[in-house]
Amino acid sequence: MSKDKGENPVNKQPPTSDPVKSPEATSFVEMGRESGPGIRTPNLPVYRTSTVLFKTLEEAKVCTESANRGELGATHYGTIGTPTTFALRDALARIEGGSHPCRAALMPSGLMAITTLLLAYLKSGDHLLVTDSVYGPTRVFCKGILAKIGIHTTYYDPTITPERLETLIQPNTRIIFLESPGSYTFEIQDVPGICRMAQRHGIMTAIDNAWGSPLFAKPFDWGVDASVLPLTKYWSGHADVLMGAVIVREEHWLPLWRTVRELGVSVGGDDAALILRGMRTIDVRMRRHEQNALEVARWLEQRSEVNTVLYPALSSHPQHSLWKRDFKGSSGLLSFELKANVQGHKPTPRQIAALCEGRRYFGIGYSWGGYESLILPAWIDALRSVKPWEGGPLIRLHIGLEDPADLILDLQDGFYAMAKAI
Ligand SMILES: *Cc1c(COP(=O)(O)O)cnc(C)c1O
């Protein structure tokens, strides 16, 4: 693509001034709309069902056998799927997979997508490598259920080179679980380098692709075997539905599907329809999130209260060049580190509360990826074991679709309130 011409448009211009060209834009609108018999409508009908009815016993048998093989479109029961969930799975596999043949499964949350993936490919006695910057609940699962069934986790510094990571591999290492950028601290990993190294050892690579998906990160081009998408975030886009997906290369499909079936993981048609609806506008939303976040990030960089802004699209970011090499843009999530005052005192908890509380546009809340802006202190002390955060207090922002000038004024009010609080 652009690489063939020897240039990467992201390198040439900041993303804000890129012409809007999106190979996915048409797919987001076009996919998953086969409306079947009856009247034709822009959207697929929403199927709500537990039971699937058959005309003959033979039909019931044939459908059950195809569903057991995980064939898309074959269902004999509501937990297996309906045309609504099949449409979403098909769109996810094709958009996330790109030119790589992939399959997708749906889970009732992003976290369950992660846990189902790990249970599908690991067994008692196995070892996995997980980035230290991983989403907190993933760490809790590794420490909890995985440890209980005899699966051991080693964490690695997200800025590690593939060569150094190679030295952590054990004879029983089965999976390297990546997340790039990392939760709260936004380190970018050398994912293509790590995948090439893992392939030489026959180790599976899986990535939590929450931040960049679906427009700005293409993990299967980087060489991963599996990608996890918390659809709760940008795919939904409206903070009104929870769902997750695992997308895997074709050859890894059956163990995942069997685990989905054994655990009884399934999602409802109404929720799947909401994610499909979010998908229709994801292209325009992501680009606006990116523009707004860049504007806010650049403003934050100039503030005397702020030490560093952790946002990979800024040239000050430590792995900015990796981001430029691998990503096609940046989304609306970033953190910033508060500076000590002139007397050298770090901001107090009351000052941090004054900054976050009572904002007009920034709600205090977990999750992100909706249309609205959010603010949250990053309490990560318990969430790092290899590379503890040694800087000042970290604040995470999700930059929504409001006018960035309003968001900047709101944050400015927050900094005043912080200065006044003791
Ligand atoms: C939110 C999030 C998840 C989990 O998604 P839920 O649907 O909320 O369970 C997983 N990984 C990352 C990086 C997230 O931010």
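The structure presented is a predicted model; accordingly, all values stated were derived computationally and were not measured.

(A) Region of the structure containing the overall build of the chain. Regarding its fold elements, the chain presents 15 helices and twelve strands. Relative to the 2.2 N^0.38 estimate, which gives 22 Å for 422 residues, the radius of gyration of the chain is 22 Å and therefore close to what a compact globule would have. For the chain, the spread of C-alpha atoms along the principal axes amounts to about 80 × 55 × 50 Å. The buried share among the 422 residues of the chain stands at 56%. Across the chain, the fraction of contacts at a sequence separation of at least 24, relative to all contacts at a separation of at least 6, is 74%. As displayed, the chain has an accessible area near 19100 Å², and 54% of this comes from carbon and sulfur atoms.

(B) Local environment of the domain arrangement of the chain. For the chain, the assigned domains read domain 1 (25-129 + 199-279) and domain 2 (282-420). For domain 1 and domain 2, the distance between their C-alpha centroids amounts to 32 Å. At the junction of the two partners, domain 1 supplies 22 residues and domain 2 supplies 25 residues. Carbon and sulfur atoms supply 67% of the area that domain 1 and domain 2 bury against each other, a total of about 2000 Å² over both sides. For domain 1, the biggest contributors to the area lost against domain 2 are Trp211, Phe216 and Tyr234; these three give 47% of the whole. In this structure, the connection of domain 1 to domain 2 is made through zero salt bridges. Elements with a contribution of two residues or more to the side of domain 1 that touches domain 2: α2 (25-30) and α11 (269-280). Broken down by class, the residue content of the side of domain 1 that touches domain 2 amounts to 13 nonpolar, seven polar and two charged.

(C) Spatial organisation of the environment of Ile352. Mapped onto the elements, Ile352 comes out in helix α14 (residues 349-356). On a C-alpha basis, the gap between Ile352 and Ile395 in space is 8.7 Å, while along the polypeptide they are 43 residues apart. Ignoring anything within four residues of it in the chain, the contact list for Ile352 reads Leu338, Pro347, Pro377, Pro393 and Ile395.

(D) A look at the sheet that holds strand β3 (residues 152-156). Spatially, β1-β7-β6-β5-β4-β2-β3 is the arrangement adopted by the seven strands of the open sheet, whose pairing is mixed. Edge positions in the sheet fall to β1 (102-107) and β3, since each of these pairs with one other strand and no more. Across the sheet, the mean angle from the axis of one strand to that of its neighbour is 20°, orientation sign disregarded. Looking at chain direction, strand β2 (residues 127-131) and strand β4 (residues 173-179) are connected through four bridges and run parallel. Across the sheet, Leu129 pairs through a bridge with Ile176, a residue of β4. Lying on the sheet, helix α4 (residues 83-97) is in contact with β1, β6 (226-230) and β7 (244-249); it crosses β1 at an angle near 130°. Seen against the sheet, helix α10 (residues 253-263) touches β1 and β7 and runs at an angle of roughly 15° to β1.

(E) Molecular detail of the nonpolar core. Residues Leu300 and Leu397 are the most contacted members of the largest nonpolar core, which totals 91 residues. A total of eight residues in this core trace back to one element, the largest contributor, which is helix α12 (residues 282-302). Contact partners of Leu300, with chain neighbours within four places excluded, come to Val306, Val309, Leu334, Phe336, Leu397, Leu411 and Phe415. Among the nonpolar cores identified, the runner-up in size contains 32 residues, and Leu128, Val134, Trp257 and Val260 belong to it.

(F) Region of interest: the site of the ligand. Taken together, 14 residues surround the ligand, and among them Gly110, Leu111, Asp208, Thr232 and Lys233 come closest. Thr232 places a polar side-chain atom, nitrogen or oxygen, 2.5 Å from an oxygen atom of the ligand. Here the shell around the ligand gets three residues from one element, more than from any other, and that element is helix α5 (residues 110-121). The residue makeup of the shell around the ligand, split by class, is seven nonpolar, four polar and three charged.

Parameters at a glance
- Residues numbered from 1 in each chain as written.
- Predicted model: local features only at pLDDT ≥ 70, side-chain atom pairs only at ≥ 80, totals over all residues.
- Heavy atoms only, no water.
- Helix = DSSP H or I, 4+ residues; strand = E, 2+ residues; numbered from the N terminus.
- Rg over C-alpha atoms; globule rule 2.2 N^0.38 Å.
- Buried < 20%, exposed > 50% of the residue type's maximum accessible area, 1.4 Å probe, protein only.
- Contact = heavy atoms within 4.5 Å.
- Areas by Shrake-Rupley, 256 points an atom, 1.4 Å probe, with all protein chains shown as cover.
- Domains from an automatic or database assignment.
- Buried area = accessible area lost by both parts, 1.4 Å probe.
- Salt bridge = Lys/Arg side-chain N within 4 Å of Asp/Glu carboxyl O.
- Nonpolar A, V, L, I, M, F, W, Y, C, P; charged D, E, K, R; others polar.
- Pairing = 2+ DSSP bridges.
- Axes fitted to C-alpha atoms, helices over the stretch in contact; angles between N-to-C directions.
- Core = buried A, V, L, I, M, F, W, Y, C linked by side-chain atoms within 4.5 Å.
- Near = heavy atom within 4 Å.
- Polar contact = N/O pair within 3.5 Å; in protein donor to acceptor, adjacent residues only side chain to side chain.

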